[in-house]
Amino acid sequence: MKELLKDLNKAFENKIRLGIMSALVVNEYLDFNTLKELLDVTDGNLASHLKSLDKSKYVVSKKEFLDRKPNTKYSVTDEGREAFLKHINAIEQLLK
């Protein structure tokens, strides 16, 4: 049991961060507004969780302009993908 628990990652315990990572792992990238709609969260709430994941180097952002409007795209890093899949695998093993 202890062996499985060590693979759980505190960065993904929050349901919003879990949702962000779930969405980004299966998509090449998603922009801020798409994530906000998908997860049904406020701008501030999403921004704070994205900042935390960025600080952990699990996601990266790319800022650009579309029709003179700022657009920020997010994608998962290799490190983030590995950590997230390890976390999900640990949950699956605990449920068996």
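Residues numbered from 1 in each chain as written. Predicted model: local features only at pLDDT ≥ 70, side-chain atom pairs only at ≥ 80, totals over all residues. Heavy atoms only, no water.

### Some thoughts on the overall build of the protein
- Check the secondary structure of the protein and you find 5 helices and 3 strands.
- Helices (α) and strands (β) of the protein occur, in sequence order from the N terminus, as α-α-β-α-α-β-β-α.
- Expressed along its principal axes, the backbone C-alpha trace of the protein runs to roughly 55 × 25 × 20 Å.
- Within the protein, contacts between residues at least 6 apart in sequence are counted, and of these 57% link residues at least 24 apart.
- Split by element, the accessible area of the protein, about 6,800 Å² in all, is 51% carbon and sulfur.
- When the 17 basic and 15 acidic side-chain charges of the protein are each reduced to a single mean position, those positions are 4 Å apart. (Helix = DSSP H or I, 4+ residues; strand = E, 2+ residues; numbered from the N terminus. Contact = heavy atoms within 4.5 Å. Areas by Shrake-Rupley, 256 points an atom, 1.4 Å probe, with all protein chains shown as cover. Lys, Arg positive; Asp, Glu negative; His and termini not counted. Charge placed at Lys NZ, Arg CZ, Asp CG, Glu CD.)

### Remarks on the pairing of strand β2 (residues 59-66)
- Relative to strand β3 (residues 69-76), β2 runs antiparallel, the two sharing 8 bridges. Bridge pairing in β3 links Leu-66 to Lys-69.
- Remark: 2 residues form the turn of the hairpin made by β2 and β3, two consecutive strands paired antiparallel; Asp-67 in that turn has positive phi of roughly 50°. (Pairing = 2+ DSSP bridges.)

### Thoughts on the sheet that holds β3
- With antiparallel pairing, 3 strands are arranged side by side in an open sheet as β1-β3-β2. Single-partner strands in this sheet number two, and they are β1 (30-31) and β2.

### With respect to unusual backbone geometry
- You will see that Lys-57, though not glycine, has its phi angle at about 65°, which is positive.
- With phi around 70°, Arg-68 is a residue other than glycine that occupies positive phi space.
- Tracing the sequence through the fold places Arg-68 in the loop between β2 and β3.

### A closer look at the packing of helix α3 (residues 32-39) against helix α4 (residues 43-55)
- At a minimum axis separation of 10 Å, α3 and α4 run at an interaxial angle of 110°. Judged by the inter-axis angle, α3 sits roughly perpendicular to α4. Crossing geometry of α3 relative to α4 is assigned as right-handed. Contacts between α3 and α4 involve Phe-32, Leu-35, Lys-36 and Leu-39 from the former and Asp-43, Leu-46, Ala-47 and Leu-50 from the latter. (Axes fitted to C-alpha atoms, helices over the stretch in contact; angles between N-to-C directions. Parallel < 35°, antiparallel > 145°, perpendicular 65-115°, else oblique. Left-handed = near helix turned anticlockwise from the far one by under 90°.)

Function cannot be inferred from these measures alone, as they are strictly geometric.
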